[in-house]
Amino acid sequence: MRSSNPFGTCAYCGSRIMWLRTKAGKNMPVDPEMISYRRPEAGKKAAEKIVTQAGEVICADRVDNALAEGVGYISHFATCIKAEKNKKRR
Ligand SMILES: [Zn+2]
């Protein structure tokens, strides 16, 4: 039997992460800290990949609560230092 504890540890950097199930049915590692996000205007590129509480994966920017469109979690792949290094060949 699998435990339903969504918390885990990143295999690359050892950070505490949380597993979220996306609408697509995939488990995605995210930073456990909930953040406020806002999607950018059309044509602009967002800085973060965020998983919303509904399990949607979106590109948005991290903003202050006052400007927020919603709350979600930042993909750990985006913040993981080691994973970032792996992406840029070794
Ligand atoms: Zn990591």
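Quantities reported herein were computed from a predicted structural model and do not represent experimental measurements. (Residues numbered from 1 in each chain as written. Predicted model: local features only at pLDDT ≥ 70, side-chain atom pairs only at ≥ 80, totals over all residues. Heavy atoms only, no water.)

When its secondary structure is counted, the chain shows two helices and six strands. Residues classed as buried in the chain amount to 30% of the 90 residues present. Within the chain, counting contacts between residues at least 6 apart in sequence, those at least 24 apart form 49% of the total. Just so you have it, the chain exposes about 6,700 Å², and 49% of that area is on carbon and sulfur atoms. (Helix = DSSP H or I, 4+ residues; strand = E, 2+ residues; numbered from the N terminus. Buried < 20%, exposed > 50% of the residue type's maximum accessible area, 1.4 Å probe, protein only. Contact = heavy atoms within 4.5 Å. Areas by Shrake-Rupley, 256 points an atom, 1.4 Å probe, with all protein chains shown as cover.)

Our next topic: the environment of Arg 62. Relative to the assigned elements, Arg 62 resides in strand 5 (residues 57-62). Exposure remark for Arg 62: the relative accessible area of 44% places this residue in the partly exposed category. For the pair Arg 62 and Ile 50, spaced 12 residues apart in sequence, the C-alpha separation works out to 9.0 Å. At 3.1 Å, the side chain of Arg 62 and the side chain of Glu 33 are in polar contact. (Polar contact = N/O pair within 3.5 Å; in protein donor to acceptor, adjacent residues only side chain to side chain.)

It is worth spelling out the pattern of salt bridges at this point. One pass over the full model with this rule turns up three salt bridges. Arg 62 is paired through a salt bridge with Glu 33; the nearest N and O atoms lie 3.1 Å apart. Of this pair, Arg 62 sits in strand 5 while Glu 33 sits in strand 3 (residues 27-38); the two residues are 29 residues apart in sequence, bridging distant segments of the chain. Notably, a salt bridge pairs Glu 69 with Arg 39, separated by 2.8 Å at the nearest N-O pair. Of this pair, Glu 69 sits in the loop between strand 5 and strand 6 (70-75) while Arg 39 sits in the loop between strand 3 and strand 4 (48-52); the two residues are 30 residues apart in sequence, bridging distant segments of the chain. You can call Glu 69 partly exposed: its relative accessible area is 40%. (Salt bridge = Lys/Arg side-chain N within 4 Å of Asp/Glu carboxyl O.)

So, about the coordination of the zinc ion. Binding of the zinc ion to the protein goes through Cys 10 (SG), Cys 13 (SG), His 76 (NE2) and Cys 80 (SG), at separations of 2.1 to 2.4 Å. With four donor atoms in place around the zinc ion and angles of 100 to 119° between them, the coordination shape is tetrahedral. Sequence spacing among the residues donating to the zinc ion works out to C-x2-C-x62-H-x3-C. With Cys 13 in the loop between strand 1 (7-9) and strand 2 (16-21) and Cys 80 in the loop between helix 1 (76-79) and helix 2 (81-87), this residue pair connects regions lying 67 residues apart in the sequence. Relative accessible area serves as the criterion here: at 28%, Cys 13 is assigned to the partly exposed category. Judged by its relative accessible area of 1%, Cys 80 is buried. (Donors = N, O, S within 2.8 Å, 3.2 Å for Na, K, Ca; no water. Tetrahedral: all angles 85-135°; square planar, octahedral: opposite > 155°, others 65-115°.)

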